[in-house]
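Listed here are the chains, written in short residue letters.
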Amino acid sequence: MSVSYGVTDRVAVLTVNNPPVNALSLAVRQGLSDGAARAAADDAVDAVVIMATGRTFMAGADIREFGKPPVAPHLPEVIDTIEALEKPVVAAIHGTALGGGLEVALGCHYRIALESAKIGLPEVKLGILPGAGGTQRLPRVGGVDNALQAMLTGRHIPASTAATWGAVDKVLSADADLQAEAVAFAKDRISDGVRRTRDMVLDGAEYGAAFFEGVRASIAKQSRGYFAPERIIRCVEAAVSLPFDDGMARERELFAECQANPQARALQHLFFAERQVARVPGVTKETPRRDIRLVGILGAGTMGGGIALAMANAGIAVTLLDTGQDALDRGLGVMRGNWERTAKKGRMTMDDVDRRMGLITPTLSYDDLADCDLIIEAVFEKMDIKREVFARLDAVAKPGAILATNTSYLDVNDIAAMTARPDDVLGLHFFSPANVMRLLEIVRAEKTADSVLATALDLAKRIGKIGVVSGVCHGFIGNRMLGPYGREAMLAVIGGTEPQAVDKALFDFGMPMGPNAMSDMAGLDVGYFNRQSVGRENYETSAYDWVDRLVEMGRKGQKTGEGIYKYPQDGRTPEPDPVVADVLDAEREKLRIVAKPWSAEQVVERCMLALINEGAKILGEGIALRASDIDVVYINGYGFPPYRGGPMHYADAMGLPAVLSRIKALAVENGPRWWMPAPLLERLVDEGKSFADFDRENA
Ligand code: 3H9
């Protein structure tokens, strides 16, 4: 039974039971509808409570039903039936009342919630909008500004905050008996009668065109490229200017527009992709985990310091080792500064800052790492140094400690072989700034034990990261794909496209910044040294020789004030530099290249096809477990626009036959060296399949 019906003290209690999150599947909608009708007709009932069992109130519509033909009763009708009851209806909320779940609660006449509960309308994250009255009812009960904030950010709002908005009538202590309290509350409402949200009148006078223009301006930056936010604003414009039923009709129309937009499919793909990453062969609930209480970090620089911040933010104690007192002091100073800035913004107290600093113990001695459960090295990216570090760690670490390298490119099998315990070794590749970026690539080496991998996956969750497992290869999933993408961008420049035009094309596609600006930010010398170490025969020299000239001129990017761009204003805002144009001209002459600018479409197409083809190779080689894992990596680590679903979903949306035929055409135009189609891509096209099919078949 998805919804049970019981009567206590003349109050009907409808209890939803649809684990794991009580999504509003067809059976639940039917159950609620039937339950409401039964309560209406039941002479032994004067009031109604709607609640849910398990870990949460209803967390929304069943996302798995999206894209399938809708089956009645539809959620808006179910909610109308509940709201129309002549007996007071109380929603009793625990866990999270999200999306359609909150919309059910808003259709009830009253709402009570445990202190630990949260409410929210996170549809925007799925590329849609609240489509069961949320856009019309939340502004009425919670205020227009609050409702807009909730719907545009998708944030979860604590019950106590929702109570200050008027969206929750009573907050109960977290350990209260919710059902008993709800029944008592409902009985007390019998004399008050029903209170229908649809009948609440919104005073539209305050909310004219200027107000909504202000809202649009305030979200312009974070919602760049997204389809749903503008439609949410239009729904709220309707809420303040139209009668309830007309507002509902407008919501229906705009909801359908969102559902039909490819962004909805992309974002819903991402929702499930982010939940798939934790499914890893060899790791089950039963796989033993190791206890991580104390983490050792080698290197107090930007990366080590960022990892230490991430650990301490999650309440995990850290022993931070560096080779000199100055480096340690500098690192600790940067960390304190980081937290103090957060405190100044009001997001933590100075006591929190002190508490977190108290979790970090600096040291200059390897011996102090002896108690650590996990040790992560973030030292200079050179194999000789890593080898030495791991040999020393092997000597001091306690038995069972996990040894991790934060290398971005180096062979984790080789690093593991430096120890007598390769099964305890893995890669934990954080992205800078490590306390901010959500991605953590977890590199499973040949001998990494399942328990080590399982522990790393759990730890990722504990520190608020999304952990994606990668096999061993040069650059793992993300940086390996970045290579061909960057190559095409740099070829566009030497081919005659201005750096700012290349950057604009990819920015307009939805990337947070273009590859030239990104290279300047990361430091042009990083790639320079990497190219020197791999050797000229292993990369497309014409793409990068002009960049190497800049580095040799001392132009290393933002840190030297000049790189591909110059930065005279504030050290961060790029401006084109005629000196670079001269360098490019000289290089073109040397290479006998006649400058012919690429169009924006050409830039985007070649960069994306390069990314997709490399992704397909990574998938075919088994470095990534799923195409959707690659999407999660690229969105969370490299700023790929979430509303395009990641490079592999983007390829599926283009159609793999079209992708393959363009790659083959580029191989003809430019030679096969960089454009050999990935064998997996060819196979999938032969079989008439997509990357999503590949994932389904390999699940
Ligand atoms: C909506 O309501 C539209 C309406 O306005 C209009 C209708 C007309 N459906 O996240 P977890 C699965 S749109 C189906 O790991 P947690 C999830 O895939 C919806 N399945 O747990 C996973 O499955 P598996 C608006 C769902 O404790 C399992 O449940 N609502 C749904 O970390 C556990 O999930 C939302 O966007 C769903 N709605 O977090 C809320 N939700 O085990 C989406 C979850 O097979 N949900 N699953 O991998 C969440 O934000 C989190 O799941 C929640 C729990 C916070 C509830």
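Cut-offs applied
Residues numbered from 1 in each chain as written. Predicted model: local features only at pLDDT ≥ 70, side-chain atom pairs only at ≥ 80, totals over all residues. Heavy atoms only, no water. UniProt positions renumbered as here; feature names shortened; annotations may be inferred. Helix = DSSP H or I, 4+ residues; strand = E, 2+ residues; numbered from the N terminus. Near = heavy atom within 4 Å. Polar contact = N/O pair within 3.5 Å; in protein donor to acceptor, adjacent residues only side chain to side chain. Nonpolar A, V, L, I, M, F, W, Y, C, P; charged D, E, K, R; others polar. Axes fitted to C-alpha atoms, helices over the stretch in contact; angles between N-to-C directions. Parallel < 35°, antiparallel > 145°, perpendicular 65-115°, else oblique. Contact = heavy atoms within 4.5 Å. Buried < 20%, exposed > 50% of the residue type's maximum accessible area, 1.4 Å probe, protein only. Pairing = 2+ DSSP bridges. Right-handed = clockwise from strand over helix to strand, strands pointing away.

Participant: When you look at the UniProt feature "domain: 3-hydroxyacyl-CoA dehydrogenase C-terminal" (unreviewed entry) in the protein in this model, what are you seeing that I'm missing?
Facilitator: UniProt marks residues 475-567 and 603-689 with the feature "domain: 3-hydroxyacyl-CoA dehydrogenase C-terminal" (unreviewed entry), using the numbering shown here. Annotated as residues 475-567, this span is 63% helix and 0% strand, and its ends, taken at the C-alpha atoms, are 30 Å apart. Across residues 603-689, the secondary structure splits into 71% helix and 0% strand, with the terminal C-alpha atoms separated by 27 Å.

Participant: Sorry, what's going on with the site of the ligand here?
Facilitator: Close to the ligand lie 26 residues; R55, G100, E103, E123 and R275 are nearest. At 2.8 Å, a side-chain N or O of R55 approaches an oxygen atom of the ligand. G131 has a polar backbone atom sitting 3.1 Å from an oxygen atom of the ligand. Within the residue set of the shell around the ligand, elements represented by two or more residues are β5 (96-98), α3 (100-107) and α11 (262-276). A per-class count over the shell around the ligand returns 13 nonpolar, 6 polar and 7 charged.

Participant: How should the UniProt feature "domain: 3-hydroxyacyl-CoA dehydrogenase NAD binding" (unreviewed entry) in the protein be read in this particular structure?
Facilitator: Taking the numbering used here, the UniProt-annotated feature "domain: 3-hydroxyacyl-CoA dehydrogenase NAD binding" (unreviewed entry) corresponds to residues 295-470. Measuring from the first to the last C-alpha atom of residues 295-470 gives 22 Å, for a span that is 41% helix and 21% strand.

Participant: Is there a simple way to explain the packing of helix α18 (residues 478-494) against helix α25 (residues 627-638) in this structure?
Facilitator: Helix-helix packing: each pair is described by the crossing angle between the helix axes and the interaxial distance. Running from amino to carboxyl end, α18 crosses α25 at an angle of 75°, the nearest separation of the two axes being 10 Å. Between α18 and α25, the crossing angle belongs to the class labelled roughly perpendicular. Counted together, G478, N479, M481 and L482 of α18 and I630, V633, Y634 and Y638 of α25 form the full contact between these two elements. When grouped by side-chain class, the residues that make up the contact of α18 with α25 number 6 nonpolar, 2 polar and no charged.

Participant: Help me out: how do you make sense of the pairing of strand β13 (residues 374-377) in this one?
Facilitator: For a regular strand, the rule is simple: side chains alternate between the two faces of the sheet. Taking every second residue as pointing to the same face, both faces of β13 are buried, with L374 and I376 on one and I375 and E377 on the other. Here strand β10 (residues 294-298) runs beside β13; their pairing, made up of 4 bridges, is parallel. The partner of V295 across the bridge, within β13, is L374. Pairing between β13 and strand β14 (residues 402-405): 4 bridges, direction parallel. Bridge pairing in β14 links L374 to I402. Following the backbone out of β13, through helix α15 (residues 383-396) and into the adjacent parallel β14, one traces a crossover that is right-handed.

Participant: For this particular structure, what's the right way to read the pairing of strand β11 (residues 317-321)?
Facilitator: Within β11, 4 of the 5 residues are buried, which leaves the element mostly enclosed by the surrounding structure. Bridge count for β10 against β11 is 5 bridges, and the pairing is parallel. In the sheet register, L298 faces β11, and the bridge partner there is L321. Handedness of the crossover joining β10 and β11 through helix α12 (residues 302-313): right-handed. Judged from the 4 bridges that link them, β11 and strand β12 (residues 360-363) form a sheet pairing that is parallel.

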